[in-house]
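Breakdown of the fold
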Amino acid sequence: MTSSPLTRHRHEVILRRLEREPRVRVSGLASELAVSEETIRRDLDELEVRGRLRRVHGGAVPFRPDEEQPLGERSRIKPKEKAKIGQIAAGLVADGMTVFVDTGSTPLAFARALIGKRDVQLITNSLDIAQLLAQEPGLRIKVTPGWLRANDNALLGGDTIAFVRRFVFDIAVMGIAACDAQFGWMDYGEEESDLRRILYQQARQNVLICDDSKFGRRASVRTFELGTQLTLVTNRPPPDLFTKAFGEAGVEVLTDRPNTRSSRQR
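A brief report on the enclosed structure follows.

1. Some points on the sheet that holds strand 13 (residues 221–224)
Reading across from one edge, 10-11-13 is the order of the three strands in this open sheet, with antiparallel pairing throughout. The sheet is open, and its two borders are formed by strand 10 (178–180) and strand 13, each paired with just one other strand. Neighbour-to-neighbour, the strand axes of the sheet open up by a mean angle of 45°, direction not taken into account. As defined by bridge partners, strand 11 (residues 184–187) adjoins strand 13 across three bridges and the pair is classed as antiparallel. Across the sheet, the residue bridging to Met186 is Arg222, located in strand 13. Lying over the sheet, helix 9 (residues 190–202) contacts strand 11 and strand 13, oriented at roughly 15° with respect to strand 13.

Spelled out as structure tokens, the structure:
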């Protein structure tokens, strides 16, 4: 769809501001451009899909393909959608399972949805998730070793991967940074990408959980091909281009919309 001259003007103003400033806010842009905050949010969403900026709570920051925002910032974006994704994914976990869950704002929402499960052994490289679930009587928590990453309290590196190789998981639940039509599922860092590829080999079922903002976004490291056999849990059906690719590959897609579950072929 071709943008109107007014829309293009707003986008130019937003991008020029981000060249000069480390962050722009929805309220300030709406006042400057004399439009509603909802219009600015749509502008920011469109520019994020095009890879020109990255959305944060209340505004946007410049896009850097090798840098992810701190977990606290990510957790404030689409919290209701992430909570629903977490609930759907938690429905795949049965009592008695061994589950790996990695770090990220959507995996954290998944972890909250596990409260009340019984006799589940949960292994994680996220200190935040371990702390969240530490007092749950039905969960046994094991934390991987590794180097601590400050912006999201994730444990990563060679020790983490060596530890993970010792286990076979019923389910591995993973976040992801981006999904690009050309390059597939992508991450910002090599260490988390390496870990997710190892997890894929060690699990009977692999589950990617992400909200709809990840589709059409590009990061810096390729993690999985678009047609990799896994279960995708998201808050709404992916755009048509991705839905077609997933359907052709037999990827299972679960959302909170009715009649959107496709069969998975393995």
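2. Topic: the packing of aromatic side chains
Evaluation of the coordinates by the stated rule reveals eight aromatic pairs. Between Tyr200 and Phe224 the ring centres are 5.6 Å apart and the planes differ by 50°, which places this aromatic pair in the tilted class. Linking Tyr200 in helix 9 with Phe224 in strand 13, this pair joins segments that are 24 residues apart in sequence. The exposure class assigned to Tyr200 is partly exposed, which follows from its relative accessible area of 22%. Between Phe215 and Phe242 the ring centres are 5.5 Å apart and the planes differ by 55°, which places this aromatic pair in the tilted class. A residue pair is termed long-range when its members are at least 10 positions apart, and Phe215 in the loop between strand 12 (203–209) and strand 13 and Phe242 in helix 10 (residues 240–249) qualify at 27 residues. The exposure classification of Phe215 matches that of Phe242, with both residues buried. Among the aromatic residues, those joined into a cluster by ring pairs are Phe100, Phe163, Phe167 and Phe169.

3. Quick look at the environment of Glu37
Position of Glu37 relative to the elements: it lies in helix 3 (residues 37–49). Residue classification places Glu37 among the partly exposed residues on the basis of a relative accessible area of 36%. Linking Glu37 and Ser27, residues 10 residues apart in sequence, is a C-alpha distance of 6.2 Å. Apart from residues lying up to four places away in sequence, Glu37 is in contact with Val26, Ser27 and Ala30.

4. Looking at the nonpolar core
Within soluble globular proteins, side chains that are nonpolar generally end up buried alongside one another. Core analysis: the largest hydrophobic core is formed by 29 residues, its most contacted members being Phe169, Trp185, Leu199, Leu208, Phe215, Leu232 and Phe246. The contacts of Phe246, once residues within four sequence positions are left out, are Cys179, Trp185, Phe215, Leu226, Leu232, Pro238, Val251 and Val253. Of all hydrophobic cores here, the second largest spans 24 residues; its members include Met97, Val99, Leu122 and Val207.

5. Topic: the packing of helix 5 (residues 79–90) against helix 6 (residues 105–113)
Packed helices, taken two at a time, are described by the angle between their axes plus the distance between the axes. At their nearest, the axes of helix 5 and helix 6 sit 7 Å apart, and the two run at 55° to each other. Here helix 5 is positioned oblique relative to helix 6, judged by the angle of their axes. Crossing of helix 5 over helix 6 shows right-handed handedness. For the pair formed by helix 5 and helix 6, the contact residues are Lys82, Ala83, Ile85, Gly86, Gln87, Ala89 and Ala90 on the first element and Ser105, Thr106, Ala109, Phe110 and Ala113 on the second. Along the lines of polarity and charge, the residues of the contact of helix 5 with helix 6 split into seven nonpolar, four polar and one charged.

Calculation criteria
Residues numbered from 1 in each chain as written. Predicted model: local features only at pLDDT ≥ 70, side-chain atom pairs only at ≥ 80, totals over all residues. Heavy atoms only, no water. Pairing = 2+ DSSP bridges. Helix = DSSP H or I, 4+ residues; strand = E, 2+ residues; numbered from the N terminus. Axes fitted to C-alpha atoms, helices over the stretch in contact; angles between N-to-C directions. Contact = heavy atoms within 4.5 Å. Phe/Tyr/Trp six-rings, centres within 6.5 Å; stacked < 30°, edge-to-face > 60°. Buried < 20%, exposed > 50% of the residue type's maximum accessible area, 1.4 Å probe, protein only. Core = buried A, V, L, I, M, F, W, Y, C linked by side-chain atoms within 4.5 Å. Parallel < 35°, antiparallel > 145°, perpendicular 65-115°, else oblique. Left-handed = near helix turned anticlockwise from the far one by under 90°. Nonpolar A, V, L, I, M, F, W, Y, C, P; charged D, E, K, R; others polar.

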